[in-house]
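Structural overview
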Amino acid sequence: MARGEHHRIHAQDRVQRNRLRVAQEAARLMSEHGIRDFHHAKLKAAERLGVHDAQALPRNNEIEHALREHQRIFHADSQPQLLRERREAAVEAMRFLAAFEPRLVGAVLEGTADAHSAVCLHVFADNPEEVTLFLRERGVPVDTQTRRLRTSRDEQTEYPVLLFAADGLPFDLTVLPRDALRQAPLDRVDEKPMRRASLAMAEELLIADDEEDDFERKLAAALR
């Protein structure tokens, strides 16, 4: 093998190793320190590891994969219950907010929710004040902010966000116009239309969780 080719392969291997290291450190930061933004997590991880090569920065989906692995290895005893609690709360909230056709999004839907995760919903109203008024009339104190979501690869739009807590869990509602039901914003992980679940789909997730728990209990009993 020519010396130049050997150096090229060695450099590629080094970049791949660093991508994995940064992804794993970013996953650890997200899991243990509650960082929710993939970009921020990867930059912080690269800084901590002394990685300065932009090619060694992992993609968001690589970090998400590393996050799942981190949870499986280090939080297998607690993370599934934290996820279950948030999925139950999501279903209850979606029934409560049925007039605004809520959709479950984010870590609670994807299965990576942990103690730092809010229950994130998209709700739909052409006048965002309708949602705020609905909550306040029912005694739910709401904080407001805004969030920019990508509606295409070249466009971002700012939407109102309503934040509140219920039964000790944080909720994060992004209010979109009703025509946004037809086309989801782009996901920050893979830049494809964001996965969203209706109430019926969220209820099916809970049923699947129950069946998985039941199977694991029977398997554990059989192995005793």
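Note that the structure is predicted; figures quoted are calculated from it, not measured.

Attention now moves to the nonpolar core. Formed by 30 residues in total, the largest nonpolar core has its most connected members in Leu104, Val131, Leu135 and Leu173. Elements that contribute at least two residues to this core include exactly helix H4 (79-96), helix H5 (107-110), strand S2 (119-124), helix H6 (129-137), strand S4 (155-166), strand S5 (169-176) and helix H7 (199-223). Top element by residues in this core is H4. It accounts for six residues. Within the second largest apolar cluster, 17 residues are counted, among which are Leu29, Ile35, Ala41 and Val51.

Turning next to unusual backbone geometry. A positive phi is found at Glu101, a non-glycine position, where the angle reads about 45 degrees. With respect to the helices, strands and loops of the structure, Glu101 is situated in the loop between H4 and strand S1 (103-105). On the accessibility criterion, Glu101 (33% relative accessible area) is partly exposed. One non-glycine residue, Glu191, adopts positive backbone phi at about 65 degrees.

This part takes up the packing of aromatic side chains. Across all of its chains, the model carries three aromatic pairs by this definition. Both rings, one in Phe96 and one in Phe134, keep their centres 5.2 Å apart while their planes meet at 55 degrees; by these two values the pair is tilted. Of this pair, Phe96 sits in helix H4 while Phe134 sits in helix H6, and the two are 38 residues apart along the sequence. The class for Phe96 is partly exposed, based on a relative accessible area of 37%. Of the residues examined, Phe134 reaches a relative accessible area of 14% and is grouped as buried. A centroid spacing of 5.1 Å and a plane angle of 5 degrees characterise the contact between Phe164 and Phe171, whose relative ring orientation is stacked. Within the aromatic cluster, the residues linked to one another by ring pairs are Phe96, Phe100 and Phe134. One cation-aromatic arrangement involves Arg138 over Phe134; the distance from NZ or CZ to the ring centre is 3.8 Å.

The buried fraction of S2 amounts to five of the six residues, a majority that puts the element mostly inside the structure. In the sheet, S1 pairs with S2 via three bridges, with the strands oriented antiparallel. Residue pairing across strands places Leu104 opposite Leu121, the latter belonging to S2. Examined bridge by bridge, S2 and S5 share six bridges and lie parallel to one another. By the bridge assignment for S5, His122 is matched with Thr174.

This next bit is on the pattern of salt bridges. Tallied over the full model, the rule gives 16 salt bridges. Across the salt bridge formed by Glu25 and Arg48, the nearest N and O atoms sit 2.9 Å from each other. Of this pair, Glu25 sits in helix H1 (residues 3-33) while Arg48 sits in helix H2 (residues 38-49), and the two are 23 residues apart along the sequence. Two residues, Arg84 and Glu88, come together in a salt bridge whose shortest N-O distance is 2.7 Å. Taken together, the positions of Arg84 and Glu88, both in helix H4 and four residues apart, correspond to about one turn of that helix. On the basis of relative accessible area, Glu88 is assigned to the partly exposed category, the value being 37%.

So, how was this worked out
- Residues numbered from 1 in each chain as written.
- Predicted model: local features only at pLDDT ≥ 70, side-chain atom pairs only at ≥ 80, totals over all residues.
- Heavy atoms only, no water.
- Core = buried A, V, L, I, M, F, W, Y, C linked by side-chain atoms within 4.5 Å.
- Buried < 20%, exposed > 50% of the residue type's maximum accessible area, 1.4 Å probe, protein only.
- Helix = DSSP H or I, 4+ residues; strand = E, 2+ residues; numbered from the N terminus.
- Phe/Tyr/Trp six-rings, centres within 6.5 Å; stacked < 30°, edge-to-face > 60°.
- Lys NZ or Arg CZ within 6 Å of the ring centre and 35° of its normal.
- Pairing = 2+ DSSP bridges.
- Salt bridge = Lys/Arg side-chain N within 4 Å of Asp/Glu carboxyl O.

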